[in-house]
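# Chain and residue survey
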Amino acid sequence: MKIAVTGAQGLLGEECVRTLGTEHNMIPLPSHHDLDLVDFNATRAWFLQNKPDVIIHTAGNRDPDSCELDPALAWTSNTLVTWNVVCAARELDAVFVHASTESVFPGDRDEPYHEFDEARDPLNVYGYTKLASERLVLQYLPKHFNLRLPLLFGRTGGLTRNNLLKARHNALSGQKTVAAGDTFSTACSVRDIARSLAIMLKTSFYGTYHFANLGIVTRSGYLQTFLKAIDMDPDWVTPSTVLEMARPARRNHHILIKSLLLEPTFGITLPPVEFALKEVIADMRADGTI
Ligand SMILES: NC(=O)c1ccc[n+]([C@@H]2O[C@H](COP(=O)([O-])OP(=O)(O)OC[C@H]3O[C@@H](n4cnc5c(N)ncnc54)[C@H](OP(=O)(O)O)[C@@H]3O)[C@@H](O)[C@H]2O)c1
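Cut-off values and rules
- Along each chain, the written sequence defines residue order, and numbers are assigned to residues from 1.
- Confidence filtering applies because this is a predicted model: local features only for residues at pLDDT of at least 70, side-chain atom pairs given and counted only at 80 or more, and all residues used for totals across whole chains, interfaces and linings.
- Where side-chain values are given, they derive from all heavy atoms of the structure, hydrogens and water being excluded.
- Runs of H or I in DSSP of at least four residues are treated as helices and runs of E of at least two as strands, each being numbered from the N terminus.
- Every radius of gyration here is taken over C-alpha atoms, with the globule rule written as 2.2 Å times N^0.38, N being the number of residues.
- Burial classification: accessible surface area is computed with a 1.4 Å probe over protein chains only, and a residue below 20% of its type maximum counts as buried, one above 50% as exposed, and the rest as partly exposed.
- Near residues are defined by distance, with any heavy atom within 4 Å of the molecule or strand qualifying the residue.
- Under the rule applied, a polar contact is a pair of N or O atoms within 3.5 Å (in protein, one hydrogen donor and one hydrogen acceptor; residues adjacent in sequence only if both atoms are side-chain atoms).
- Note on areas: Shrake-Rupley, 1.4 Å probe, and residue coverage restricted to the protein chains presented here.
- In this description, a nonpolar core means a group of buried Ala, Val, Leu, Ile, Met, Phe, Trp, Tyr and Cys residues linked to one another through side-chain atoms lying within 4.5 Å.
- Here a residue-residue contact requires only that any non-hydrogen atoms of the pair lie within 4.5 Å.
- Method remark: on a 1 Å grid restricted to protein atoms, a set of points is classed as a cavity if a 1.4 Å probe fits but cannot get out and as a pocket if it is open with protein on both sides within 12 Å along at least five of seven lines; lining residues have an atom within 4 Å of a point.
- Grid points are joined across faces, edges and corners, and a volume is the space filled by probe spheres set on the points.
- In this count, Pro and Cys sit with the nonpolar residues alongside Ala, Val, Leu, Ile, Met, Phe, Trp and Tyr, while Asp, Glu, Lys and Arg are called charged and the others, Gly among them, polar.
- By the convention used here, strands pair only if DSSP detects at least 2 bridges between them.
- Only the contacting stretch of a helix is used when fitting its axis, a line to C-alpha atoms as for every element, and angles between N-to-C directions run 0 to 180 degrees.
- Two rings from Phe, Tyr or Trp (for Trp, the six-membered ring) form a pair when their centres are within 6.5 Å of each other. A pair whose planes differ by under 30 degrees is stacked, one over 60 is edge-to-face, and the rest are tilted.

## With respect to the overall build of the protein
From N to C terminus, the protein includes 12 helices and 13 strands. In terms of overall dimensions, the protein is globule-like: its C-alpha atoms have a radius of gyration of 18 Å, near the 19 Å expected for 290 residues. Seen through its principal axes, the protein has C-alpha atoms that stretch 50 × 40 × 40 Å. Going through the 290 residues of the protein one by one, you find that 54% of them count as buried.

## Here's the deal with the site of the ligand
The environment of the ligand is formed by 26 residues, the closest being His-32, Arg-62, Tyr-126, Lys-130 and Arg-161. Separating an oxygen atom of the ligand from a backbone N or O atom of Leu-11 is a distance of 2.9 Å. Leu-152 is positioned such that a nitrogen or oxygen atom in its backbone is 3.0 Å from an oxygen atom of the ligand. Starting from 900 Å² of accessible surface for the ligand in isolation, the protein chains cover 90%.

## Topic: the nonpolar core
Core analysis: the largest hydrophobic core is formed by 32 residues, its most contacted members being Ile-56, Phe-145, Leu-147, Leu-197, Met-200 and Phe-211. For this core, the secondary structure elements donating two or more residues are β1 (2-6), α1 (11-20), β3 (54-57), β4 (95-101), β5 (144-149), α8 (190-200) and α11 (262-266). With six residues, the top contributor of residues to this core is α8. Setting aside residues up to four positions removed in sequence, Leu-147 forms contacts with Val-97, His-98, Ala-99, Ser-100, Thr-101, Ile-193, Leu-197, Met-200, Tyr-209 and Phe-211. Of all hydrophobic cores here, the second largest spans 22 residues; its members include Leu-164, Val-273, Ala-276 and Met-284.

## Points about the layout of surface pockets
In this structure, the second largest pocket occupies an estimated 250 Å³ of space. Along the walls of the second largest pocket sit 18 residues, with Ala-212, Leu-214, Lys-258, Ser-259 and Leu-270 positioned nearest its centre. Residue composition of the lining of the second largest pocket, grouped by class: 10 nonpolar, six polar and two charged.

## Points about the sheet that holds strand β10 (residues 207-210)
Here six strands make up an open sheet; going across it, the order is β2-β1-β3-β4-β5-β10 and the pairing parallel. Edge positions in the sheet fall to β2 (25-28) and β10, since each of these pairs with one other strand and no more. Shown here is a sheet whose adjacent strand axes are inclined to one another by a mean of 20°, direction ignored. Relative to β5, β4 is paired through six bridges, and the arrangement is parallel.

## Details of the pairing of β4
Counting buried positions along β4 gives seven out of seven residues, so the element sits mostly inside the fold. Side chains Val-95, Val-97, Ala-99 and Thr-101 of β4 all project onto a buried face; the interleaved residues Phe-96, His-98 and Ser-100 project onto the opposite face, where all are buried too. Pairing of β3 with β4, which is carried by four bridges, proceeds in the parallel orientation. Following the sheet pairing, Val-54 is matched in β4 by Val-95.

## Description of unusual backbone geometry
Residue Asp-93 is not a glycine yet carries a positive backbone phi of 55°. Phi is positive for Asp-231, which is not a glycine, with a value near 65°. For Asp-231, the position within the fold is in the loop between α9 (219-229) and β12 (237-240).

## Comments concerning the environment of Ala-194
Along the chain, Ala-194 turns up in helix α8. Sequence spacing of Ala-194 and Asn-213 is 19 residues, and the spatial spacing of their C-alpha atoms is 13 Å. Excluding anything up to four places from it in sequence, Ala-194 contacts Glu-15, Cys-16, Thr-19 and Leu-20.

## Things to note about the packing of aromatic side chains
What the rule picks out here adds up to nine aromatic pairs. Residues Phe-205 and Phe-266 carry aromatic rings whose centres are separated by 6.1 Å and whose planes lie at 55° to one another, so their mutual orientation is tilted. Taken together, the residues span a long stretch of sequence, with Phe-205 in the loop between α8 and β10 and Phe-266 in helix α11 at a distance of 61 residues. Three or more aromatic residues link up through ring pairs in this structure, and these residues are Phe-145, Phe-205, Tyr-206, Tyr-209 and Phe-266.

Structure follows, in structure tokens:
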């Protein structure tokens, strides 16, 4: 299959290109400097010229704070961009994979949200822009896989987009990384997502699917586990609280997602988060990234 990936230099996009590239003809979209997906005509022209069978759409602004500070820009970079890519997918009748988020939920309960829970009442502007994007996908594209994703981690994305690599880099430069220790969430390895897509894209079981490795993490806890696993001092990560950090966007103190559908539909079972993190570290070592 010919598979186009938006956000191909990002954490998830780069992994999709690498993993699916062993089997498919991948067409990574260029950086936003060369093709800004906000531009409807340029986006349409690119897709009509390349004619992918599948579009994996990961491009967007995933930083809740910058979204909160500039809601117009957040809508443009998340929802308008998605609309432009959705229009191209519709014209080409391409299968569409949408990278959505747990942030479409309010985080108002202890149990994990699953695929049959209705996305509603996001806590911040970022969540609203992603919920609006989901609705465009669900309404206009019958051939969609809408993936709801928690905190992502992996080997890809480089220093600016990969917070594991960033924490290591900070530690090597003698700088502490401050991260919330009081927000509990699920997490998922982008490698597990890309591998799952390799299976899902061979089917037409379209719909919304949740992705999470087994287990619960805090932002500071999983960075500390990573540093420890690569023989560095975990104290280079300082746990803080959402209150102390006083960031512009509201955060969920406790938001978990789980999948009821991946196993019965595709036979996919995601491993525990510790296992996935070990694989990421092995991949980083094999690539020479660390
Ligand atoms: N990371 C997480 O923890 C997380 C959690 C849940 C959901 N998600 C969702 O998953 C998706 C992928 O996340 P990620 O972590 O892989 O993101 P990322 O590493 O920040 O990468 C985002 C990519 O989007 C591209 N992009 C942004 N605006 C663009 C534009 N106007 N035109 C063209 N390209 C544009 C960027 O291109 P440049 O390189 O040119 O800047 C970059 O390659 C996002 O939609 C996010 O909402 C992420």
